[in-house]
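Structural overview for review
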Amino acid sequence: MVTLRVMLEYFHPWPNSAGFYLARERGWYREAGLDVQLLVPDTYHGDTLEHLLRGNADVGVFPSNRLLVRRALGQPLLGIAAINQRGLEAIQTLTDSGIQRPRDLAGKRLALNPTPRGLAMVRHLVAADGGDPEAIVIVDSGVRELRPEQLAAGAADASFGGYWAWEALMDSPVPSTRRVVWPVDQIGAPAYHSYLLGTHQRWLEEDPERARAFLAATARGFLAAAAEPLSVLPAYEATTPYFPSELLSRSLQHIAPTWLHQERWGEQREALLAPYADWLHQHGVLADASAWRGATSNAYLPDVHP
């Protein structure tokens, strides 16, 4: 049995990791001769990609834009599968904020983590809707995602960065009739893979068949989870029984469709990579617009169907 360390992008049990949990719980990794350990990054020492470079994990999950930035720097990292076939980020506000469409954010206080990409995204969304992007009043919320009750208390008029398939589904004393959630890919954002699965190129060179076996079992997990999202709950509860299953249930059903494209799992698509890389370059986030070329490979994916 070969030990394989998979570093996830978020805490346990984040529903976007459902395929890994299900493949492990049903023994599909074990059938492939793999003992899969699910880890989360110690952010003091960097994100998942940094841990892959250091050899602290064999494969890991990360935002596609971060891979492109590192590839432009010449780092030997490679995307080997797509986790999501669309973006997960959203803008959230309240009905009484006076914000009825993206351009209405001009002159309003928008809370976000003001990274170059985050700032570029919100300004793009406002400009695409005919508003003045320079008129947005930025509220630095750091890595926190503001809750609806914080917006209601006056911390900001709106927030960016939370996910429509997670934070937006959390319980809140603010009634759902007051809460407004706009997935950014529905209001003018470029299409992109929210998360990819990847590794250090050296790991692939050492044993490409191990990579293929891992991806075949992982594909089975995500395909099964997409077909029956709630079937994942026992696998999660066995690991973290304290977590509210109601939120997990809602989130799983919302996020599951993002795992597949034309009923297939894992394909990294030029239609999402190339325009996004160009957009990142235009907004000064990515040094080389062509960095997406060679940044991913579908060569290790199985020919797996539901």
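Whatever comes next refers back to the structure up there.
Because the structure is a prediction, the values reported are computed rather than measured. Here the residue numbering is sequential within each chain, running from 1 through the sequence in written order. Local features in this predicted model are restricted to residues whose pLDDT is 70 or higher, and side-chain atom pairs enter the listing and the counts only when it is 80 or higher, whereas totals over whole chains, interfaces and linings include all residues. Computation of side-chain values: all heavy atoms of the structure, hydrogens and water removed.

1. Concerning the overall build of the protein
Only DSSP runs of H or I covering at least 4 residues are called helices, and only runs of E covering at least 2 are called strands; the numbering of each starts at the N terminus. Secondary structure assignment for the protein yields 11 helices and 12 strands. In terms of overall size, the protein behaves like a compact globule, its C-alpha atoms giving a radius of gyration of 19 Å where 306 residues would be expected to give roughly 19 Å. Each residue is assigned to one of three classes by its accessible area relative to the maximum for its type, calculated with a 1.4 Å probe on protein chains only: buried under 20%, partly exposed between the two thresholds, exposed over 50%. For the protein, buried positions account for 55% of its 306 residues. Residue contacts are counted whenever heavy atoms from the two residues lie within 4.5 Å of one another. Counted over contacts in the protein with a minimum sequence separation of 6, partners at least 24 positions apart contribute 79%. Accessibility throughout is a Shrake-Rupley quantity obtained with a 1.4 Å probe, and a residue counts as covered only by protein chains that appear here. A total accessible area of about 12,800 Å² is found for the protein, and carbon and sulfur atoms account for 48% of it. Of the charged side chains in the protein, 27 are positive and 34 negative, and the gap between their average positions amounts to 1 Å. Here the globule rule reads 2.2 Å times residues to the power 0.38, and the radius of gyration is calculated from C-alpha atoms. Within this scheme the basic residues Lys and Arg register as positive and the acidic residues Asp and Glu register as negative, but His and the chain ends are omitted. All charge positions are set by atom: Lys at NZ, Arg at CZ, Asp at CG, Glu at CD.

2. Here we look at the packing of aromatic side chains
In this scheme Phe, Tyr and Trp rings, the latter by its six-membered ring, pair at centre separations within 6.5 Å, and the angle between planes marks the pair as stacked below 30 degrees, edge-to-face above 60, and tilted otherwise. All chains considered together, the criterion is met by 11 aromatic pairs. An angle of 15° between the planes, with centres 5.6 Å apart, marks the rings of Tyr29 and Phe214 as stacked. Highlighted residues: Tyr29 in helix H2 (residues 28-31) and Phe214 in helix H8 (residues 208-227), separated in sequence by 185 residues. An identical accessibility class is assigned to Tyr29 and Phe214; each is buried.

3. Focus on the packing of helix H4 (residues 64-72) against helix H11 (residues 270-282)
Taken N-terminus to C-terminus, the directions of H4 and H11 make an angle of 70°; their axes are 11 Å apart at the nearest point. With respect to H11, the element H4 is oriented roughly perpendicular. For the element pair H4 and H11, the recorded crossing hand is right-handed. Facing Ser64, Asn65 and Leu68 of H4, the residues of H11 in contact are Tyr276, Ala277 and Leu280. Fitted lines through C-alpha atoms give the axes, limited to the stretch in contact for helices. The angle between two N-to-C directions lies from 0 to 180 degrees. Should an angle fall under 35 degrees it is called roughly parallel, over 145 degrees roughly antiparallel, and 65 to 115 degrees roughly perpendicular, with every other angle called oblique. For a crossing to be left-handed, the near helix must be turned anticlockwise from the far one by less than a right angle; the clockwise case is right-handed.

4. Section: the pairing of strand E2 (residues 34-39)
Every other side chain in a regular strand lies on the same face of the sheet, so the side chains alternate between the two faces. Of the two faces of E2, the one lined by Leu34, Val36 and Leu38 is fully buried and the one lined by Asp35, Gln37 and Leu39 carries no buried residue. At least two bridges found by DSSP between two strands is the condition for calling them paired. Summarising the sheet, strand E1 (residues 2-7) and E2 pair through 6 bridges and their orientation is parallel. Pairing of Met7 across the sheet is with Leu39, part of E2.

5. Some thoughts on the pairing of strand E5 (residues 89-94)
Along E5, 6 of the 6 residues are buried, which leaves the element largely enclosed by surrounding structure. Here E5 shows two buried faces, one formed by Glu89, Ile91 and Thr93 and the other by Ala90, Gln92 and Leu94. Bridge count between E5 and strand E8 (residues 158-163): 4 bridges; the pairing is antiparallel. Residue Glu89 lies in a different strand from E8, and its bridge partner there is Tyr163. Sheet analysis places E5 next to strand E9 (residues 179-183), joined by 5 bridges and oriented antiparallel. Among the inter-strand pairings, Thr93 is bridged to a residue of E9, identified as Val180.

6. So, the pattern of salt bridges
Should their charged atoms come close, side chains of opposite charge can pair. Salt bridge criterion: a side-chain nitrogen from Lys or Arg within 4 Å of a carboxyl oxygen from Asp or Glu. As enumerated under the stated definition, the model contains 15 salt bridges in all. When the shortest N-O distance is used, the salt bridge between Arg109 and Asp157 registers 3.3 Å. In this pair, Arg109 sits in strand E6 (residues 109-112) while Asp157 sits in the loop between helix H6 (148-152) and E8, placing the two residues 48 residues apart along the sequence. The class for Arg109 is partly exposed, based on a relative accessible area of 30%. On the accessibility criterion, Asp157 (19% relative accessible area) is buried. In this structure, the salt-bridge partner of Asp171 is Arg250, at a minimum N-O distance of 3.3 Å. Of this pair, Asp171 sits in the loop between E8 and E9 while Arg250 sits in helix H10 (residues 245-255), and the two are 79 residues apart along the sequence.

7. Side note on the packing of helix H5 (residues 116-128) against H11
Two elements in contact, H5 and H11, have axes whose closest approach is 10 Å; the angle formed by their N-to-C orientations is 100°. The angle between H5 and H11 falls in the class roughly perpendicular. Here Arg117, Ala120, Met121 and His124 of H5 lie close against H11, whose contacting residues are Tyr276, Trp279 and Leu280. Gly is put with the polar residues, along with every residue not named as nonpolar or charged; the nonpolar set is Ala, Val, Leu, Ile, Met, Phe, Trp, Tyr, Cys and Pro, and the charged set is Asp, Glu, Lys and Arg. Among the residues forming the contact of H5 with H11, the class breakdown is 5 nonpolar, 1 polar and 1 charged.

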